[in-house]
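Structure assessment
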Amino acid sequence: MELLVCIKQVPDTSEIKLDPETNNLIRTGLPSIVNPYDMHALEAALTVKDQIEGSRVTVVTMGPPQAEEALRQCLALGADDAVLVTDRAFGGADTLATSYTIASAIRHIQRTMNRQFQLIFCGKQAIDGDTAQVGPEVAEFLDIPHVTNVTKLIEVRDESIVVEIDMPNDLQVCEIEYPCLITVEKDIFQPRLPSFKLKLNTKDREIPVYSFEDFEDKDENNYGLNG
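Because the structure is a prediction, the values reported are computed rather than measured. (Residues numbered from 1 in each chain as written. Predicted model: local features only at pLDDT ≥ 70, side-chain atom pairs only at ≥ 80, totals over all residues. Heavy atoms only, no water.)

If a probe the size of a water molecule is rolled over the atoms, the empty space left behind becomes visible. In this structure, the second largest pocket occupies an estimated 200 Å³ of space. Every residue lining the second largest pocket is listed: E69, R72, Q73, A76, P194, K199, T202 and K203. For the lining of the second largest pocket, the secondary structure elements donating two or more residues are α2 (68-77) and α5 (196-202). Ranked by residue count, the leading element in the lining of the second largest pocket is α2, at 4 residues. A per-class count over the lining of the second largest pocket returns 2 nonpolar, 2 polar and 4 charged. (1 Å grid on protein atoms, 1.4 Å probe; cavity = no way out; pocket = protein on both sides within 12 Å on 5 of 7 lines; lining within 4 Å. Points joined across faces, edges and corners; volume = space filled by probe spheres on them. Helix = DSSP H or I, 4+ residues; strand = E, 2+ residues; numbered from the N terminus. Nonpolar A, V, L, I, M, F, W, Y, C, P; charged D, E, K, R; others polar.)

Structural data, given as structure tokens:
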């Protein structure tokens, strides 16, 4: 099974400031971590990989070049491949432009790496935004079904997955066919610790980097601040 996890590098602080001219977050000089919700999404994907022989986990992130550090952390946890999407043209993106860029990257990965992802995992939301919009928007741009607020993977089947969803007033069980996208809550799985052996084996691993020029859509109005 081909599994994909979308992660984001976020500031490791609650003291986030906005640029008064652009209203963009000021990230310069702030320490960064992998978004905590995304770590739980990665653990969910790794758990499926452990259960289904032959499965592969690919991790993708959009961010500045230093976001490569977050991808290496994911490789040390057991991800098989990682892709960095970075370009100044992507700077200043809101959730819509971010989702469009990530969806474009996923299409490019599937085309160039010959991968057809059955199941895409995202964290419920990013702690520096709390919109919970990117996962569903990525699914819409990819034209695949999605469910949000997943708290449990009940059964991974050949053609579908059965999950538990935390709704405002109750818990619901839903079956969703592949290819699909799910966003997960923090309590779905406890993230594992990194493997020292994997960290050594992947520290010099070349990580593919995709930029604006790699995408089929070359309309700059769909990316970054313009998007």
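There's plenty left to go through after this.
Okay, the pattern of salt bridges next. As enumerated under the stated definition, the model contains 14 salt bridges in all. Measuring nitrogen to oxygen at the nearest pair gives 3.1 Å for the salt bridge that ties K49 to D80. Placement of the pair is K49 in helix α1 (residues 36-51) and D80 in the loop between α2 and β7 (81-85), with a sequence separation of 31 residues. A residue is classified by how much of its surface remains accessible, and D80, at 19% relative accessible area, is buried. For the salt bridge of D50 with R192, the shortest nitrogen-to-oxygen distance reads 3.1 Å. Here R192 lies in the loop between β12 (180-184) and α5 and D50 lies in helix α1, a separation of 142 residues in the sequence. Under the relative-accessibility criterion, D50 is labelled exposed at 53%. A network of salt bridges, in which partner residues are shared, links E2, R56, D81, R115 and R205. (Salt bridge = Lys/Arg side-chain N within 4 Å of Asp/Glu carboxyl O. Buried < 20%, exposed > 50% of the residue type's maximum accessible area, 1.4 Å probe, protein only.)

Further remarks concern the pairing of strand β9 (residues 146-156). For β9 and β12, the ladder comprises 3 bridges, and the chain directions are parallel. Considered in β12, the bridge of H146 is made with L181. The sheet contact formed by β9 and strand β10 (residues 160-166) spans 5 bridges and is antiparallel. Bridge pairing in β10 places V150 opposite I165. (Pairing = 2+ DSSP bridges.)

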